[in-house]
Amino acid sequence: MVGSRFGLRAALVAAVAGYAAATPFLHTVNQQYPNGTMCELPSFLDQSCPQLCASDVAKCPDAYRPKCPAGTTYCVDGTCQASCPADAVSPCACPSSFDSSFDTYKSWYPCMADAGKPETGLLVVNLTKVQPTNRADRLLEVCNAQILRSAADKDATAFLACPVRVVPAYTLDLPIWKSFWGMLGIQATVIAFFLALKTVSERSIRKAADAFAAGSGSDSDEPLAAATAAPGEKQLLEHFRHDSFFDVHALPASTKIAEKAASVTPAKKLSPSDPGYIRFAYYVNHPLGTLGFYLSVAWILYLQVFLALTVYDYYGSLSATPTVLFYLTDYQIPFGFVFAWHFMVITLVVWRIGGVVTVRNWFRIRVRDVHQAQFVVVTRRIDAIRATDHAEKGFIKGMLALVAAVERLADQYLKFSLKVTAHQVHISQHVRVPYFYDECIRYVYNPLVRDFTPYPYSLGDGLSELAALGNATADKGGLPTETVDQRQDLIGLNEIDIPARSFVDLWTSEVGGWFYLYQGSCLWVWYYFSYWQMGLVLTVVILIASLIKTRVSFKSHRRIRMLASMTTNVTVLRNGAWTVVDSRALAPGDVVQVSAGVLSVDVLLCRGQALLDESSLTGESRPIRKFPAPTNDESSLSFTHHKRHILLAGTGILQADEGAYGLVLKTNVNTSRGQLIQKMLHPTPITFVFDEQLKVVLVMMLTWGVLCFSMVLYEMGNGTIASWFYALFIISEIISPLLPAVLVAGQSVAADRLVSKHQVYCIDLPRITMAGKTQLFCFDKTGTLTKEGLDMWGFLPASASLPNGGGDGDASSGKLIELQSDYARLGAQDRLGLATAHSLTAHERQLLGNPVDVSMFEFTGCALQGDDVTAATGESLARIVKRYEFIHAKQTMASLVESTVDKKLHIFVKGSYEKIRAMCVPGSIPAWYDEMARGYAKRGGYVLALASKPCSLSIDAAIHQDRDDVERDVSLMGLVVFRNTLKPDTKDAIDELHRGLCRTVMISGDNVFTCVYIARECGLTPIVNEQYARCIYADIAGAGEDSVTSSRRNSNTSSSASSSVPAPGSLVWRDVDTEEIISPAELDALWQQRNVKALDLAASGPAWAKLVDSGDADKYLLSFRVWGRMSPEQKIDVVKRHMADGLIVAMCGDGGNDCGALNAAHVGVALSEAEASIVAPFSSKTKSVRSCVDLIAEGRAALASSFAGFKFLIMYGMTMSSFCLVQYYFSVVLPQWVWIYIDGIIVVSTIYALTQAKALKHLEPRRPTAQLLGPQTILSILSQAAVNWTYLFLGIYWLFQQDWFRCNEFDASAVVDLGKWWLLGDNYESTMISAIVVCQFINNGAVFNFGHYFRRSWFSNRVYALLYVVLLTVISTLILSDPSAFTCLFRINCGSPSSLVELGYPKPTWSMDPYNSLLGHNVLPVPFRWKLFTYVMSNVVLGLCIERLVILGPVREYIRTKYPLSRKYIPL
């Protein structure tokens, strides 16, 4: 207690001492009017006098003397009791920790009007014209004048004013700090002991480990010597060396293996920077390390609890009755928070850099011997495919290069590009080999290379060898159980091991990213800084964004697991008997019975035939018949060329011959289906130009944030704890924690629209925005551009005559012989051939087999019952004695038929017209053969030839004759022509893609001429001057499409090429229409003029291989329009070459042949509901090419919306930084509800509303920018920033010119409650700033809502239009309205009750905190309100006009025309 004269002043000075140094000090408050007249001193209204205390109750003034009921006594604690307790504590007593001079006042009594109600003892007074620095003395004087009358009273009475207790920022006496240092000490001690143990334990291998750091493979560089190997390794070594199942050729080239080899030398190592780098290291757990790891986890959780308790104490100190539970005073709370916050951030950064797996592994001990290992840590390099932009140059290119250099430097030490996983080591039961699973692959320890590898096995190389093995194994009674067990030990059970990941697990992985770490750190500051409302809102928004991404990942993961978990019952031959086992028990080399059901392994059919449904894997809609592998085909097994003998896992067997069996080739993830699923689970990551430039933008924003951080620290006072909060707060506002959420929101909305409106399903959200930048769209032909299957066009008999009475047919002039489309008008032999030259079977009245055969047979109108063919009239036509299946290498099939009409045997051979021509006797080939075949191919026909010959052998002899004899010396019957018909909407879709500047090409397995025709029909080939672009195709001379008569070719060769005929097997270029040979020099000349005269190139698969080898494939790449006869691998190659050329490539297909290309492309669209579609990011149930247009339109809208949201948040940060620097300069802060309105309502709702903009119904001839650093993006942001900053600074200048404001500036030094930042807005400065910046925040969204070329008009986004009106209405109301409950909530145009009454307004009936300013209100003059409203609306209008007319409008178009950007030319 101090005397009345000095007590209050000393107390007040001490009360603000801890905060006063943190208040801004750069701005000097004005003290005079413009004319030089000094400002009047301020008045302090409604000031409460301190508690009055007296040495005796009788000394209290009459008005404040307590009165107690009869029989009670007034006690020192301010209560009336019958007898006062001895331990009663007087409110007048200061804590015992203060100076002993205050002990006298422990017996003093509080003076109050009503006993027990201390608040009634306070007198409220007004202080007029008081110097702020003398406020404390003046209050005492007024209180003394009104309460204490005499000097005697003053000696016996005094006002309560205990000084602020000075305490250190930290003290170890507090339990909360004891727990902190205790936890930290225990953890540090355990880690120190474990580190010492780890160092000693690993000393023996440290030298090898250091040498290994830059290598790949096992920990050992020493060869494995059989004499010195451990017993376990000796046993494994012998097993591997003598196992016939082991594939020696799969070992590294440098590995030496022989029956009596003494040692094996490991392969050369790879460095971590090399593609394909992989490393294995062995570890064991240790109790001390395990304890240290879980202590580290507990430490992270403890820090969250520590921060939560600190935040709780902070809010407790701000309550009406301040309560601090864990600290001595509120002065210690911010120091405790900042200290623990930095510990938390450092800990999380360390964990994030290393990753959970690496951190956990650090707490294990490394071992050298694999047989001791409990865990294998796999480190592999992951290289992403970069979808870059060739327009990057200058400053942008330099910044990207700088960021890339920093990434490489960081990667050199922190290994960001390396993926680290840990797997528990298991020991197999029978072979006793260590193994583990990584990415679904089983790795076993291979003692020959002293490393873990997938077990290399081989059943054989050649087709006949495998067929013989299957039959021999069946003859021996199958595999012994012991052999099966050993093989399963080495390659695993027949199942795809995909560990189940819960939703929580996936969500935890999602929120473990860098930006989430940043978000969490910012949110803790917001929660502490009395901004819990927005902290809660942002927490919800961030959680929703993370949950959306996790939901997509979880659904995809669950779907893949469901596809992978395939178990069926299988009949297998084991130990001499057929046994029913679970499909997981199968092993390569098993002989299984082929029967109806779903296959879980890849099988080579050895006996019998089978009918398969391959739609779930290849997309083929019709069932396919499979035939047993021949025993005389010495070629190496190919899953492509020998697919007619192979039953793939995942396909369904509809029907099989009795006794049919096959040899299991592959199991688990090694099957074709397993490889597909494995690629889906672990795809190659793709980084978009957006992702690359986002790093640069974040670096630039962080740099600006650090600069603002430093400026705020200076403005708010160097070295103070409060300035740290203000400075960190501005960083969290510049780099908004909502940045990832805005990207997810746009993608999520687009994905929902794709499903609901277009039935296009997406399993990879980021690919949606990538689709918006598509520059090249590749299409398959059959089933994609055209309808599924082929229609029979007609038959051209060999006896047909040329039109106009003879002469060579001229295909290029359209003079083609008309096809016969009436089966009944054909000759008897022709009818017989068409009805029997196929490999069809009937199953429940459904024709099963090759779709082409089905179409041809349906053309005849005949019926098939078993092997008997019945004519449409019902009479028997023939019996098919034997079918010779289609062989890819021969490109033919044959059938041996017994006619029921003449009772004779006939042989019919059908196949490609090129191959049949070579088999026929020359005299049977008409002169028009080649031209008619090629002519119909050029018109979209799929042309086959049919030949026959009589067979004079007996049926038994005919059945057993060699196939080469069957197909030799046949006579041509004619051409069988089929055709694809376009889907109804294909041409319109292709035209729309061209309108949207998407180049379209075709990659098909069909004939090149057919593909060129379809390309022209559907519009893939551009029309220039009412003519198709000239098309030149590449083929191999003497093979494929190029095998025609030399006489016709020589007559059409150009002058420069007529002197020589292309050598067989050489690459030759020809004009598609004229057949003219084009020399390489002529082709190059045409190519050089391609921009003057349109040129399209085409190539067959073999020719493309030649072009790849010669290097011309890349040179002419963007001139190729059509690829025909392409294998699945070549389709992938074409897609990847375009990607490597810097294009954003999309691929659209419908079947299994396209799966690889669908997976390789940036954007894959599968027109299929089958399982094959899951390999693509997108699948369309409509099976229409229109889906591609819809996808690009939605992708462009999503990209534009994401950019709009992104630019909005960038503008948010720039606007926020500008006004924060201004407000801190003037010692003011926006009112709390203005902050909430900006961050919680404007920002969150605008981000959502911007994503609701719908895509245009058509594609405009330009693509949206994906460059965050592109000129359009930068100019858009900088122009708006310049306008906003100008209006803000001019508005402040304008305010300072107002006479009514000049002497009413906010003076922070005169305000007591500086700790309550939300009350630092009770002034004109914050009102002016609020009115300007709130309108700017609202308008920032409107500026970027313009749809331009990719989204519909501004007002079509009705959600945003309505929101915009509502938001502007709110701020307009706040600016223009008189004081009300609404304006006082935002503390704009409001004031304390007495001030409002003094201004002539009614006394408020609502409750609010006292106004924290000298003036007592911030009510703007009415005329100025309308001026201010006009001013901020002009800001709004100017911002909209600049964006619409300059950035997106005519000014932009003028500049683009006058100064075009140099971009990569992509011909349409």
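Being a predicted model, the structure only gives us computed values, none of them experimental.

**Regarding the overall build of the chain**
1) Next: Along its length, the chain carries 45 helices and 52 strands.
2) Next: Per-residue burial over the chain gives 55% buried out of 1468 residues.
3) Next: Within the chain, residue pairs in contact and separated by at least 24 positions form 75% of the contacts whose partners lie at least 6 positions apart.
4) Next: Counting only carbon and sulfur atoms, one obtains 57% of the accessible surface of the chain, whose full area is about 61700 Å².

**Structural notes on the nonpolar core**
1) Next: Of all hydrophobic cores here, the largest spans 150 residues; its most connected members are F337, W341, F1219, W1235 and I1238.
2) Next: A total of 16 residues in this core trace back to one element, the largest contributor, which is helix α36 (residues 1186-1225).
3) Next: Those residues in contact with W1235 that lie beyond four places of it in its chain are Y531, M534, F729, E733, M1216, F1219, C1220, Q1223, V1229, L1230, G1240 and W1317.
4) Next: Within the second largest apolar cluster, 80 residues are counted, among which are V552, L796, L819 and F1178.

**Considerations on unusual backbone geometry**
Outside of glycine, negative phi angles account for most residues, and trans bonds account for most peptide bonds.
1) Next: If you check the backbone angles, K903 has positive phi at about 60 degrees while not being a glycine.
2) Next: Here K903 lies in the loop between β38 (892-899) and β39 (905-912).
3) Next: At K1183, a position not held by glycine, the phi torsion is positive, near 55 degrees.
4) Next: Looking at K1183, the relative accessible area reads 32%, which means it is partly exposed.

**Overview of the state of the cysteines**
1) Next: A complete count under the given rule lists seven disulfides for this structure.
2) Next: With its sulfur 1.9 Å from that of its partner, C53 forms a disulfide with C92. Its S-S torsion of approximately -95 degrees makes the covalent link between C53 and C92 left-handed. Placement of the pair is C53 in strand β2 (residues 52-54) and C92 in the loop between β4 (80-81) and β5 (109-110), with a sequence separation of 39 residues.
3) Next: We classify C53 as buried; its relative accessible area is 0%.
4) Next: Given a relative accessible area of 0%, C92 falls into the buried group.
5) Next: The side chain of C60 participates in a disulfide bridge whose partner is C111; the two sulfur atoms lie 2.0 Å from each other.

**Structural notes on the pairing of strand β42 (residues 999-1003)**
1) Next: The element β42 is largely enclosed, with a buried count of five among its five residues.
2) Next: Two strands pair when backbone bridges link them, and strand β31 (residues 776-779) and β42 are joined in this way by four bridges, in the parallel orientation. Bridge pairing links F779 to M1002 in β42.
3) Next: Relative to strand β49 (residues 1120-1124), β42 runs parallel, the two sharing two bridges. The residue bridging I1003 from the neighbouring strand is W1123, located in β49.

**Re the environment of A1361**
1) Next: One can find A1361 in helix α41 (residues 1358-1376).
2) Next: A residue is classified by how much of its surface remains accessible, and A1361, at 14% relative accessible area, is buried.
3) Next: For the pair A1361 and L1250, spaced 111 residues apart in the sequence, the C-alpha separation amounts to 9.8 Å.
4) Next: Leave out the neighbours within four places in its chain, and A1361 touches W1354 and F1355.

**As for the sheet that holds β38**
Strand pairing in a sheet is mediated by backbone hydrogen bonds. Such pairs are either parallel or antiparallel.
1) Next: Pairing within the open sheet is antiparallel, and its eight strands lie in the order β32-β41-β40-β39-β38-β37-β36-β35. Whereas interior strands pair on both sides, the edge strands pair on one side only; in this sheet they are β32 (791-797) and β35 (863-865). Adjacent strand axes in the sheet meet at a mean angle of 30 degrees when their direction is disregarded.
2) Next: Note: β38 against β39, seven bridges, orientation antiparallel. Of the residues in β39, the one forming a bridge with V897 is H906.
3) Next: Against the sheet, helix α25 (residues 929-938) contacts β32, β40 (941-951) and β41 (971-979), and its axis sits at roughly 140 degrees relative to β40.

**Focus on the sheet that holds strand β20 (residues 577-582)**
1) Next: Judged by pairing direction, the sheet is antiparallel, and its six strands sit side by side in the order β20-β19-β21-β28-β23-β26 without closing on themselves. Bordering the open sheet on either side are β20 and β26 (646-647), each of which pairs with just one other strand.
2) Next: Of the strand pairs in this sheet, strand β23 (residues 602-607) and strand β28 (residues 661-666) are connected by five bridges, and their pairing is antiparallel. Looking at β28, one finds that L605 is bridged to G662.

**A word on helix α40 (residues 1324-1343)**
Residues three or four positions apart in an α-helix share a direction because the helix packs 3.6 residues into each turn.
1) Next: For α40, built from 20 residues, the straight-helix expectation of 28 Å at 1.5 Å per residue is met to within 8% by its first-to-last C-alpha distance of 28 Å.
2) Next: Where burial is concerned, most of α40 is hidden: 20 out of the 20 residues are buried.
3) Next: Capping the start of α40, N1323 holds a side-chain oxygen 3.4 Å from the backbone nitrogen of E1325, two or three residues further along.

**Comments concerning the pairing of strand β37 (residues 876-887)**
1) Next: Here three bridges tie strand β36 (residues 868-870) to β37, and the two strands are oriented antiparallel to one another. Bridge pairing in β37 places V869 opposite A878.
2) Next: Hairpin geometry of β36 and β37 is characterised by an intervening segment of five residues between the two adjacent antiparallel strands and by a positive phi of about 100 degrees at G874.
3) Next: The pairing of β37 with β38 spans seven bridges and is classified as antiparallel. Considered in β38, the bridge of A878 is made with S899.

**Description of the packing of helix α8 (residues 332-362) against helix α18 (residues 721-734)**
1) Next: It is the contact of α8 with α18, at a shortest axis distance of 9 Å, that shows an interaxial angle of 50 degrees. With respect to α18, the element α8 is oriented oblique. Crossing of α8 against α18: the hand is left-handed. From α8, P334, F335, F337, V338, W341 and H342 reach across to α18, where they touch I721, W724, F725 and L728.
2) Next: Among the residues forming the contact of α8 with α18, the class breakdown is nine nonpolar, one polar and no charged.

**Observations regarding the side chain of T986**
1) Next: Examined against the element boundaries, T986 turns out to sit in helix α28 (residues 986-995).
2) Next: Relative accessible area serves as the criterion here: at 0%, T986 is assigned to the buried category.
3) Next: Residues within four places of T986 in sequence aside, it is in contact with T784, L785, C1018 and V1185.

**Overview of the confidence of the model for the chain**
1) Next: For the chain, per-residue confidence averages 81 on the pLDDT scale, and residues scoring 70 or more make up 86% of the total.
2) Next: This stretch, residues 212-224, has a pLDDT under 50; its non-local contacts, to residues over four places away or in other chains, come to 55 contacts.

**Here we look at the pattern of salt bridges**
1) Next: Scanning all chains against the criterion turns up 31 salt bridges.
2) Next: Residue R65 is joined to D62 by a salt bridge in which the shortest nitrogen-to-oxygen separation is 3.0 Å.
3) Next: The partner of R1137 in a salt bridge is D1114, with the nearest N and O atoms 2.9 Å apart. Taken together, the residues R1137 in helix α34 (residues 1128-1140) and D1114 in helix α33 (residues 1112-1115) connect sequence positions 23 residues apart.
4) Next: Within the structure, one salt-bridge network assembled from shared partners comprises R380, K419, D438 and E439.

**So, the packing of helix α14 (residues 532-564) against helix α37 (residues 1232-1250)**
1) Next: α37 packs onto α14 with a crossing angle of 10 degrees between their chain directions and a minimal axis gap of 9 Å. One element, α14, and the other, α37, form an angle in the roughly parallel class. Residue-level contacts link Q533, M534, V537 and V541 of α14 to Q1232, W1235, I1236, D1239, G1240 and V1244 of α37.
2) Next: Tallied by class, the residues present in the contact of α14 with α37 amount to six nonpolar, three polar and one charged.

**Some points on a positive patch on the surface**
1) Next: Residues K757, K1254, K1257 and R1358 make up a contiguous surface patch of positive charge.
2) Next: K757 sits in the partly exposed class, given a relative accessible area of 46%.

**So, a nonpolar patch on the surface**
1) Next: Nonpolar side chains collect at one region of the surface, where L1445, V1446, V1451, Y1454, I1455 and Y1459 lie side by side and expose about 580 Å² of accessible area between them.
2) Next: The element contributing the most residues to the nonpolar patch is helix α45 (residues 1450-1458), with three residues.
3) Next: As for its placement among the helices and strands, V1451 is situated in helix α45.

**A look at the side chain of R1016**
1) Next: Looking at the secondary structure, you find R1016 in helix α29 (residues 1008-1018).
2) Next: Beyond its immediate sequence surroundings of up to four residues, R1016 is in contact with T1021, Y1028, A1029, C1031 and D1073.

**Points about the packing of aromatic side chains**
1) Next: Taken as a whole and judged by the stated rule, the model has 83 aromatic pairs.
2) Next: With a centroid separation of 5.4 Å and an interplanar angle of 75 degrees, the aromatic rings of W1354 and Y1364 are classed as edge-to-face. In this pair, W1354 is assigned in the loop between α40 and α41 and Y1364 in helix α41, connecting sequence segments 10 residues apart. Neither W1354 nor Y1364 differs from the other in exposure class; each is buried.
3) Next: Across the ring face of F245, the terminal group of R487 is positioned such that the distance to the ring centre comes to 4.2 Å.

About the thresholds
Just so you know, the residues in each chain are numbered from 1, in the order the chain's sequence is written. Two thresholds apply to this predicted model, a pLDDT of at least 70 for residue-level local features and 80 or more for giving and counting side-chain atom pairs, whereas whole-chain, interface and lining totals are computed over all residues. Excluding hydrogens and water, the side-chain figures rest on all heavy atoms present in the structure. Numbering of helices and strands runs from the N terminus; a helix is a DSSP stretch of H or I covering at least four residues, while a strand is a stretch of E covering at least two. Think of it in three bands: residues with accessible area under 20% of the maximum for their type are buried, residues over 50% are exposed, and the middle band is partly exposed, with areas taken using a 1.4 Å probe on protein chains only. Contacts are residue-level and defined by heavy atoms, with any inter-residue pair within 4.5 Å sufficient. Accessible surface area values rest on a Shrake-Rupley calculation with a 1.4 Å probe, where residue burial reflects the displayed protein chains alone. Buried Ala, Val, Leu, Ile, Met, Phe, Trp, Tyr and Cys residues form a nonpolar core when they are joined through side-chain atoms within 4.5 Å. Disulfides are defined in this document as cysteine sulfur pairs within 2.5 Å. Paired strands are those between which DSSP finds at least two bridges. Only the stretch in contact is used when fitting a helix axis, every axis being a line fitted to C-alpha atoms; angles between N-to-C directions are given from 0 to 180 degrees. What a helix is expected to span follows from its residue count: subtract one and scale by 1.5 Å. Here a polar contact is taken to be a pair of N or O atoms separated by no more than 3.5 Å, where protein atoms must pair a possible hydrogen donor with a possible acceptor and residues adjacent in sequence count only if both atoms sit in side chains. Roughly parallel means an angle under 35 degrees; roughly antiparallel means over 145; roughly perpendicular covers 65 to 115; every other angle is labelled oblique. Crossing handedness: left-handed means the near helix sits turned counterclockwise from the far one by under a right angle, and right-handed means the same turn made clockwise. Side-chain classes follow a simple rule in which Ala, Val, Leu, Ile, Met, Phe, Trp, Tyr, Cys and Pro form the nonpolar group, Asp, Glu, Lys and Arg form the charged group, and the remainder, Gly included, forms the polar group. pLDDT gives the predictor's per-residue confidence on a scale running from 0 to 100. Salt bridges are defined by distance alone: a side-chain nitrogen of Lys or Arg within 4 Å of a carboxyl oxygen of Asp or Glu. What goes into a patch is any residue over 30% in relative accessible area without a salt bridge, connected to like charges within 9 Å or, for nonpolar side chains (Val, Leu, Ile, Met, Phe, Trp, Tyr), within 5 Å. This count recognises Lys and Arg as positive and Asp and Glu as negative, with His and chain-terminal groups excluded. Think of each charge as sitting on NZ of Lys, CZ of Arg, CG of Asp or CD of Glu. Here is the rule: rings of Phe, Tyr and Trp (six-membered ring for Trp) pair when centre to centre is within 6.5 Å. Planes less than 30 degrees apart are stacked, more than 60 are edge-to-face, and the remainder are tilted. Two conditions define a charge located above a ring, namely a distance within 6 Å from the ring centre to NZ of Lys or CZ of Arg, and an angle within 35 degrees of the ring normal.

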